[in-house]
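# Structure at a glance
What follows is each chain in one-letter form.
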Amino acid sequence: MGVIRRPVWRGVFLAAGWCLGGAAAHAACDGPPAMTARFQMLPTEDNAVALGGWFASHKQYDCAVETFQTALKTNPDSAQLHYLEGLALIGGGHTAEAQGPLQEFERLDPDEIKSHLMLAFVFDQTAEHDKARDEWTRALKIDPKSEQALEGLSGELLGEKDYIGVVKLLQSAARNEKLDIDLAQALGLLNHLDDAKAVLADGLSENPNSVGLASAMTVVLVKQLRYQEAINLLQHTVDANPGSQEAEVELFRLLVLTNHINQARPMAPKLLAERPGDPQVLYLAGIVERTMGDYTAAKAHLEQAVSLEPDFFNSRYNLGMVLVFLKEWQAAAVELNKAIELGAIEPQVHFELAKAYHGLGQDAKAGEQMKQYQELKKSEEAGLEASESAGQGDKDLAAGDVKEAIVHYREACDAAPDNAGYKFQLSIALHKAGDTDGERAALEQAVKLNPDLAGAQRELGYLLSRSGDRAGAIQHFRMAVKAQPEWTDAWINLAAALAEAGQFAEAREAAGTALKLEPANAQAKELSDELARDPAAAHQNP
């Protein structure tokens, strides 16, 4: 699921009665004669709003800017004029220049949500994402239910890969379709697939024909290997939205990428005719044609896809495969090398490149690529075995069969020794079995492999605190909150461990952070109150 941004300024322009459109060339500022005369005689705020608004509604944004700037010379403290100047600058394509007027508007009227929404948009457009996030946050303090602010902040958090932050922001909020998709995306990326599915199911129950929600749901279903269910959902969406190219493209993509080529094949000509310049349609059609053996057509469509979207490695990879079939060895080598450079990780790309080098008579390079292919293939197979073992372990644990769960988690760890997550899963099963030494060993291995695995850091800190190793416990609790700063329970654990060690100032600070994250958290409040009354009373195991 990609991050979808809605241009928050669109609604503000319309609310101001202004038309939207591209920046118009600056021409003579000839407004209605009577309106212009009134403004020239008396450049008041009201007259400027009338004339500047007329220019903006006719897409003469530079003239609108001049009008508002002229009025500001005699009305420098007019929040409205600064605001309208900022809007006109944005409308005229001068987004970065709008910062100054909008910041003046914010200074003059800090409790008006529009200033924060517009500044957040401007900062987002100029890639000043920290400032954008701050403005979205300020807007939400004014109106916690603002859809624009919730969408903007969730978009920033997704862009920063702060998926826990997205969940905390949206899980209790009143959500629209866009926010449901954002929340589901964050949950999915945290591997909480059932929770993501539940969010999208609720959204689809209210809007069963939504293309966006259905598309997001298919991502979850594909991750759960429920391909036919995903296909059925998108087919329903296509049937419910006749003429929707968006829905048809989503179904086409799903059918191709799940290898349902026979079902996808009749859709390719129709979509190519409807969307001849769509790089995704060209890429997917190229895969269909390659699979059906029509290499000439596949080459043409994949070359177009690459020219339109040169950094999409899958188009280059598939083009390279087609060129190998056509024995165009040099061109194939170029495309396959570029695919690898851009991020292609499939073992097969090295196999195809080995063929290209062999065709060019470069046997040494072909041998190197075959070696990489074999190593990656072996690793991929081991990874699949590990994933299957871990999945079985999850089922065993859910069924209460701890002994079998441990067996399968150990199999996963053996097959993928560098996977910290499998070691963490093993530690959970060992904890349930009462094997404290084994649990600690597994957790230590997990955090050594991945220090940012917050759950493992927290559990290891808990074990160390129970054994009396206060310094070790504090160290791992600190690592947990560093990796996952929005995790309230980890902050509570850190606060209690610090109090146990007599580090009361830091303990109060950690407890205060927990309360900021969850003001209603009873455990955080109790600990904070105890530390405020009598630090010694907080001497307790976390």
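Residues numbered from 1 in each chain as written. Predicted model: local features only at pLDDT ≥ 70, side-chain atom pairs only at ≥ 80, totals over all residues. Heavy atoms only, no water.

### Concerning the nonpolar core
As a reminder, the rule being used: We call a set of buried residues a nonpolar core when its members are Ala, Val, Leu, Ile, Met, Phe, Trp, Tyr or Cys and they connect through side-chain atoms within 4.5 Å of each other. Think of it in three bands: with a 1.4 Å probe and only protein chains considered, a residue is buried below 20% of the maximum accessible area for its type, exposed above 50%, and partly exposed in between. The criterion used for residue contact is that any of the two residues' heavy atoms lie within 4.5 Å.
With 108 residues, the main nonpolar core has Leu102 and Phe252 as its most contacted residues. Residues in contact with phenylalanine 252, not counting those within four places in the same chain, are Ala264, Met267, Ala268, Leu271, Val281, Leu284, Ala285 and Val288.

### Some thoughts on the pattern of salt bridges
For clarity, the threshold we go by: One side-chain nitrogen of Lys or Arg within 4 Å of one carboxyl oxygen of Asp or Glu is enough to make a salt bridge. The numbering of helices and of strands both runs from the N terminus, where a helix is a DSSP run of H or I of at least 4 residues and a strand a run of E of at least 2.
Evaluated as defined, the whole model comprises 24 salt bridges. Glutamate 274 is paired through a salt bridge with lysine 270; the nearest N and O atoms lie 2.7 Å apart. Highlighted residues: glutamate 274 and lysine 270, both in helix H17 (residues 267-274), separated by four residues, approximately one helical turn. Given a relative accessible area of 32%, glutamate 274 falls into the partly exposed group. One network of salt bridges, in which partners are shared, links Asp130, Arg133 and Glu160.

### Focus: the confidence of the model for the chain
Predicted coordinates in regions of low pLDDT should not be interpreted in detail. Our working definition: The quantity called pLDDT is the predictor's confidence in a given residue, expressed from 0 to 100.
Of the residues in the chain, 93% have a pLDDT of 70 or more, and the chain-wide mean is 90. Low confidence marks residues 20-26, where pLDDT is under 50. Its contacts with residues over four positions away, or in another chain, come to 18 contacts. With pLDDT under 50 throughout, residues 537-542 is counted as low confidence; its partners more than four residues away or in other chains account for 21 contacts.

### Notes on the state of the cysteines
Going by this rule: Any two cysteine sulfur atoms within 2.5 Å of one another count as a disulfide.
Applying the stated criterion across every chain, the model contains one disulfide. Paired by a disulfide, cysteine 29 and cysteine 63 hold their sulfur atoms 2.2 Å apart. Where cysteine 29 bonds to cysteine 63 through sulfur, the torsion about that S-S bond is close to -85°, and the disulfide is left-handed. Linking cysteine 29 in the loop between helix H1 (9-15) and helix H2 (33-41) with cysteine 63 in helix H4 (residues 61-74), this pair joins segments that are 34 residues apart in sequence.

### As for the side chain of glutamate 248
Counted only if it meets this: Pairs of N or O atoms are called polar contacts if they sit within 3.5 Å, as long as, within protein, a hydrogen donor faces a hydrogen acceptor (for residues adjacent in sequence, only side-chain-to-side-chain pairs).
Assignment of secondary structure puts glutamate 248 in helix H15 (residues 245-257). The exposure class of glutamate 248 is buried, given its relative accessible area of 12%. Only 2.9 Å separates the side chain of glutamate 248 from the side chain of lysine 270, close enough to count as a polar contact. When near neighbours in sequence (up to four residues on either side) are disregarded, glutamate 248 contacts Val238, Met267, Lys270, Leu271 and Glu274.

### Looking at a negative patch on the surface
Formally: For patch building, the residue pool is restricted to those with more than 30% relative accessible area and no salt bridge; the joining distance is 9 Å between like charges and 5 Å between nonpolar side chains (Val, Leu, Ile, Met, Phe, Trp, Tyr). Only the protein chains shown count as cover for residues, and the accessible areas themselves come from Shrake-Rupley with a 1.4 Å probe. By the counting scheme adopted, Arg and Lys are positive, Glu and Asp are negative, and His together with the chain ends is not counted. Charge coordinates come from a single atom per side chain, which is NZ of Lys, CZ of Arg, CG of Asp or CD of Glu.
A contiguous patch of negative charge, built from Asp401, Glu404, Glu411 and Asp414, is present on the exposed surface. On the secondary structure map, aspartate 414 appears in helix H24 (residues 402-415).

### What about the side chain of serine 78?
Note on placement: serine 78 falls in the loop between H4 and helix H5 (79-91). A polar contact is formed between the side chain of serine 78 and the side chain of glutamate 45, at a distance of 2.6 Å.

### Some words on the packing of aromatic side chains
So the rule is basically this: What counts as a ring pair is set by centres within 6.5 Å for rings of Phe, Tyr and Trp (its six-membered ring), and what kind of pair is set by the plane angle: stacked under 30 degrees, edge-to-face over 60, tilted for all other angles.
Taken as a whole, this structure holds six aromatic pairs when the rule is applied. With a centroid separation of 4.8 Å and an interplanar angle of 35°, the aromatic rings of tyrosine 83 and phenylalanine 105 are classed as tilted. In this pair, tyrosine 83 is assigned in helix H5 and phenylalanine 105 in helix H6 (residues 99-108), connecting sequence segments 22 residues apart. Neither tyrosine 83 nor phenylalanine 105 differs from the other in exposure class; each is buried. Pairing phenylalanine 312 with phenylalanine 313 gives two aromatic rings, centres 6.4 Å apart and planes at 35°, and the pair type is tilted. For phenylalanine 312, a relative accessible area of 21% puts it in the partly exposed group. Phenylalanine 313 gets classed as partly exposed once you look at its relative accessible area, which sits at 22%.

### Observations regarding helix H14 (residues 227-240)
As a reminder, the rule being used: One less than the residue count of a helix, multiplied by 1.5 Å, gives the span that helix is expected to have. Here, the arc refers to the directions that run from the helix axis to the C-beta atoms.
Look at H14: 20 Å from first C-alpha to last across 14 residues, which is about the 20 Å you get at 1.5 Å a residue. All of the buried residues in H14 are Ala230, Ile231, Leu233, Leu234, Thr237 and Val238. Buried residues along H14 cover an arc of 160° about the axis, so they all sit on one side. Considering only its buried residues, H14 is in contact with helix H12 (193-206), helix H13 (211-223), H15 and helix H16 (261-264).

### Overview of the packing of H13 against H15
When two helices pack together, you describe them by how their axes are tilted relative to each other and by the distance separating the axes. To keep it simple, the criterion reads: Inter-axis angles, ranging from 0 to 180 degrees, are taken between N-to-C directions of lines fitted to C-alpha atoms, where helices are fitted over the stretch in contact. Between 65 and 115 degrees an angle is taken as roughly perpendicular, under 35 as roughly parallel, over 145 as roughly antiparallel, and anywhere else as oblique. Gly is put with the polar residues, along with every residue not named as nonpolar or charged; the nonpolar set is Ala, Val, Leu, Ile, Met, Phe, Trp, Tyr, Cys and Pro, and the charged set is Asp, Glu, Lys and Arg.
Following both chains from N to C, one finds H13 and H15 inclined at 10°, their axes separated by 10 Å at the closest point. The angle between H13 and H15 falls in the class roughly parallel. Contact with H13, carried on its side by Val211, Ser215, Thr218 and Val222, involves Glu246, Ala247, Glu250 and Leu254 of H15 and no other residues of that element. The class makeup of the residues in the contact of H13 with H15 is four nonpolar, two polar and two charged.

### Topic: H24
When the terminal C-alpha atoms of H24 are compared, their 20 Å separation across 14 residues agrees well with the 20 Å that a helix rising 1.5 Å per residue should span. Buried within H24 are the following residues: Ala405, Ile406, His408, Tyr409, Ala412 and Cys413. Of the surrounding elements, those touching the buried residues of H24 are helix H23 (363-398) and helix H25 (420-432).

### Overview of the layout of surface pockets
To be explicit about the condition: With a 1 Å grid spanning the protein atoms alone, the term cavity applies to any set of points in which a 1.4 Å probe fits but cannot get out, the term pocket to an open set with protein on both sides within 12 Å along at least five of seven lines, and the term lining residue to any residue with an atom within 4 Å of a point. Grid points are joined across faces, edges and corners, and a volume is the space filled by probe spheres set on the points.
The volume enclosed by the largest pocket comes to roughly 1800 Å³. If you trace the largest pocket, you find 45 residues lining it, with Leu187, Leu189, Leu190, Asn191 and His192 closest to the centre. Elements represented by at least two residues in the lining of the largest pocket include exactly helix H10 (163-170), helix H11 (177-189), H12, H23, H25, helix H27 (454-466) and helix H29 (488-500). Sorting elements by how many residues they give to the lining of the largest pocket places H23 first, with 11 residues. Taken together, the residues of the lining of the largest pocket sort by class into 21 nonpolar, 12 polar and 12 charged. Here the second largest pocket defines a volume of roughly 760 Å³. The wall of the second largest pocket is formed by 21 residues, among which Leu153, Lys168, Leu169, Glu486 and Leu517 lie closest to the centre.

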